[in-house]
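A closer look at the structure
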Amino acid sequence: MDLKTQLLAVVDRRTAPVEVPEWSVTVFVRSLSLREVFDFERDVKAVADDVPRATAVQLAYYLGDEAGARLFTPEEAGALIDRDPLVIRRIIDAAQSLNGLGKAEDVAKN
């Protein structure tokens, strides 16, 4: 196998479990691809004046199943707005740590 083929075959996406006793589940946060990072930034900026919606969009990008497949699209993010903000913050902080980003409040400032 040549180097190009070998590099393209690498699965470098990660997931991490986050216990959510308030919801009686374990959710998974996922690492984002390069494309998703740019889409994420665009979609969060598009609703930046609505902080609850922007936070829900972040959550939609980060939540996944154990294999790393997304559970929600940005368009479905509104369904997440009425969840407990402390739980949301815990999940987003775990996802940002997995993705090598700062804490949620630091990202919201940008």
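Residues numbered from 1 in each chain as written. Predicted model: local features only at pLDDT ≥ 70, side-chain atom pairs only at ≥ 80, totals over all residues. Heavy atoms only, no water.

Side note on the pairing of strand β1 (residues 15–20)
Moving residue by residue along a regular strand, the side chains alternate between the two faces of the sheet. One ladder, built from six bridges, connects β1 with strand β2 (residues 25–30); its direction is antiparallel. Its bridge partner being in β2, Val20 is matched across the sheet by Val25. Once β1 ends, the chain turns through four residues before running back antiparallel as β2, passing Ser24 with a positive phi of about 60°. (Pairing = 2+ DSSP bridges. Helix = DSSP H or I, 4+ residues; strand = E, 2+ residues; numbered from the N terminus.)

Concerning unusual backbone geometry
Of note, the phi angle at Ser24 is positive, near 60°, even though the residue is not glycine. Within the secondary structure layout, Ser24 lies in the loop between β1 and β2. What makes Ser24 exposed here is its relative accessible area of 67%. (Buried < 20%, exposed > 50% of the residue type's maximum accessible area, 1.4 Å probe, protein only.)

As for helix α2 (residues 34–46)
Residues spaced three or four apart along an α-helix face the same direction, because each turn holds 3.6 residues. For α2, with 13 residues, the first-to-last C-alpha span of 19 Å sits near the 18 Å given by 1.5 Å per residue. Here α2 has its buried residues at Glu36, Phe40, Asp43 and Val44. Burial along α2 is one-sided: seen end-on, the buried residues are contained in an arc of 95°. Exposed positions of α2 whose direction lies more than 90 degrees from the buried face are Leu34, Arg35, Phe38, Lys45 and Ala46. Along its buried surface, α2 packs onto β2 and α3 (51–62). (Expected span 1.5 Å × (residues − 1). Arc of directions from axis to C-beta. Contact = heavy atoms within 4.5 Å.)

Re the packing of α2 against α3
Taken N-terminus to C-terminus, the directions of α2 and α3 make an angle of 160°; their axes are 9 Å apart at the nearest point. The angle between α2 and α3 falls in the class roughly antiparallel. Pair α2 / α3 crosses with right-handed handedness. When α2 is examined against α3, the residues Glu36, Asp39, Phe40, Arg42, Asp43 and Val44 are found in contact with a partner set consisting of Ala54, Val57, Gln58, Tyr61 and Tyr62. (Axes fitted to C-alpha atoms, helices over the stretch in contact; angles between N-to-C directions. Parallel < 35°, antiparallel > 145°, perpendicular 65-115°, else oblique. Left-handed = near helix turned anticlockwise from the far one by under 90°.)

Concerning the side chain of Ser31
With respect to the helices and strands, Ser31 occurs in the loop between β2 and α2. Side-chain polar atoms of Ser31 contact the backbone nitrogen of Arg14, separated by 2.7 Å. (Polar contact = N/O pair within 3.5 Å; in protein donor to acceptor, adjacent residues only side chain to side chain.)

Concerning the sheet that holds β2
The sheet built from three strands is open, its strands ordered β1-β2-β3 with antiparallel pairing. A strand with exactly one partner marks an edge of an open sheet, and here the two such strands are β1 and β3 (63–64).

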